[in-house]
Amino acid sequence: MRNLSELIVLIRGGGEVGSAVAHRLHRCHFRVCITELASPLAVHRGTCFSEAVYDITKTVEGVAAERTTPSLRQIYRIWQNGNIPIVVDPELSVKPLIRPDVLVNAMMLKGETSTRITDAPLVIGIGTGFRAGGDVHLVVESNNSHNLGRVIEEGESEEDTGIPLEVGGAAKERVIWAPDTGVFTTKKSIGDSVTADEVVGGLDDLPLKTKISGIVRGILRNEVRVSVNAKLVEIDPINDSSICFAIRDKMRAIAGGVLEAIMLGLNVGG
């Protein structure tokens, strides 16, 4: 039996899902390291450790992530300080350095990835694009159904519906997607109040309007290049801006599923 504090977990992706997983595992005393792209495009930036790529540090519900280089010395320094290291490292050059016990793919690409079952003693995929017993050992369900957070030991997760979470009776109308490729610009910030038909940003010269009133739950950074169908803005029809900086219940369920998968897949003890 090994202590949880001895286990190293490498998480690919510091977006909303990966950050919730990192937060849960860090609080359970795992040594967690996150890898990210050089220019991550997180929408729910209030709860995304990927923001540390731009701002050096990012704190989510009392847990801090710190950007560093793929250096074993620097990563251990951050662990010793009680924080989560995040490395710009899409090629996973850090993997042979830290030799993770567990690799979690939380990139949410919803398609084929480069993750392989041989990447670590335990490899976990979240959502569609993975097959338990094939390219990963275990899959955690991410679809908005009664199976959310379930650990799948054989086969694949449910197909992604493409329908956003319903909040206050609103679902698809909460989200603005990119109608084309281009540069997204905005003067809005997370937590801002908006009204229906208000311009909240633009894609090149095209103004982007909300369909409902509420608060800006998530929004991309200003002046970022996006591809067609990229999520740009998410509005919640409520008036409590504090929720923008709290991990959502769906993400907590997925994080719990990953924790269960680790306990199931490895012989560990507290």
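Numbering of residues begins from 1 in every chain and follows the order in which that chain's sequence is written. Residue-level local features of this predicted model are given only where pLDDT is at least 70; pairs of side-chain atoms are given and counted only at 80 or more, and the full residue set underlies all totals for whole chains, interfaces and linings. Processing note: side-chain calculations cover all non-hydrogen atoms of the structure and skip hydrogens and water entirely.

S.K.: So what exactly am I meant to see when it comes to the overall build of the protein here?
M.R.: Under the scheme used here, helices are H or I runs from DSSP no shorter than 4 residues and strands are E runs no shorter than 2 residues, and both carry numbers assigned from the N terminus. Counting secondary structure elements, the protein contains 5 helices and 19 strands. Taken along the three principal axes of its C-alpha coordinates, the protein extends 55 × 40 × 30 Å. Exposure categories follow from relative accessible area, calculated using a 1.4 Å probe and restricted to protein chains: below 20% of the type maximum is buried, above 50% is exposed, and the middle band is partly exposed. Counting the 270 residues in the protein, one finds 53% classified as buried. Note on definitions: a residue-residue contact is assigned when non-hydrogen atoms from the two residues lie within 4.5 Å. The contacts of the protein with a sequence gap of at least 6 include a subset with a gap of at least 24, amounting to 54%. Per-residue and other accessible areas were derived by the Shrake-Rupley procedure at a 1.4 Å probe size, with only the shown protein chains allowed to occlude residues. Of the roughly 12,300 Å² of accessible surface on the protein, a fraction of 47% belongs to carbon and sulfur atoms.

S.K.: Would you mind showing me how to read unusual backbone geometry here?
M.R.: Most peptide bonds adopt trans geometry, and most residues besides glycine take a negative phi value. A positive phi angle is found at M108, which is not glycine, with a value near 55 degrees. Locating M108 in the fold gives a position in the loop between β7 (102-105) and β8 (122-126). Positive phi, normally seen in glycine, also occurs at E223, with a value near 60 degrees. Within the element layout of this structure, E223 appears in the loop between β16 (214-219) and β17 (224-226). For E223, a relative accessible area of 59% corresponds to the exposed category.

S.K.: Please explain the sheet that holds β7 as it appears in this structure.
M.R.: Hydrogen bonding along the main chain pairs the strands of a sheet, whether they run parallel or antiparallel. By the convention used here, strands pair only if DSSP detects at least 2 bridges between them. Reading across the sheet, the 9 strands line up as β4-β5-β6-β3-β2-β7-β8-β9-β10 and stay open at both edges, with mixed pairing between neighbours. What marks the edges here is a single partner per strand, and that holds for β4 (57-60) and β10 (151-152). All axes are obtained by fitting lines to C-alpha atoms, using only the stretch in contact for helices, and the reported angles, taken between N-to-C directions, cover 0 to 180 degrees. Its contacts with the sheet put helix α5 (residues 249-265) on β2 (8-12), β7, β8, β9 (138-140) and β10, and the angle it makes with β8 is roughly 155 degrees.

S.K.: Is there a simple way to explain the environment of G214 in this structure?
M.R.: Mapped onto the elements, G214 comes out in strand β16. On the accessibility criterion, G214 (8% relative accessible area) is buried. The spacing of G214 and D236 is 22 residues in sequence and 5.3 Å in space, taken between C-alpha atoms.

S.K.: Just checking my understanding: could you explain the sheet that holds strand β14 (residues 199-203) for this structure?
M.R.: With antiparallel pairing, 4 strands are arranged side by side in an open sheet as β15-β14-β12-β17. Since the sheet does not close on itself, it has two edges, and those belong to β15 (206-209) and β17, each with one partner. Here the strands of the sheet are splayed against their neighbours by 35 degrees on average, with no regard to which way each runs. With 2 bridges connecting them, strand β12 (residues 182-185) and β14 associate as antiparallel partners. Looking at the pairing, F184 lines up with L203 of β14.

S.K.: Would you take a moment to explain the nonpolar core for this structure?
M.R.: One recurring pattern in soluble globular proteins: nonpolar side chains tend to sit buried together. Core analysis: the biggest nonpolar cluster contains 38 residues, and I11, L25, F30, I124, V258 and I262 have the highest contact counts within it. Examining the composition of this core, we find that 7 residues originate from one element, α5, more than from any other. Ignoring anything within four residues of it in the chain, the contact list for I124 reads V102, L103, V104, N105, V136, L138, V140, V258, A261 and I262. We call a set of buried Ala, Val, Leu, Ile, Met, Phe, Trp, Tyr and Cys residues a nonpolar core when their side-chain atoms join them within 4.5 Å. The next biggest cluster of nonpolar side chains, apart from the first, holds 22 residues, and it includes A170, F184, V194 and V224.

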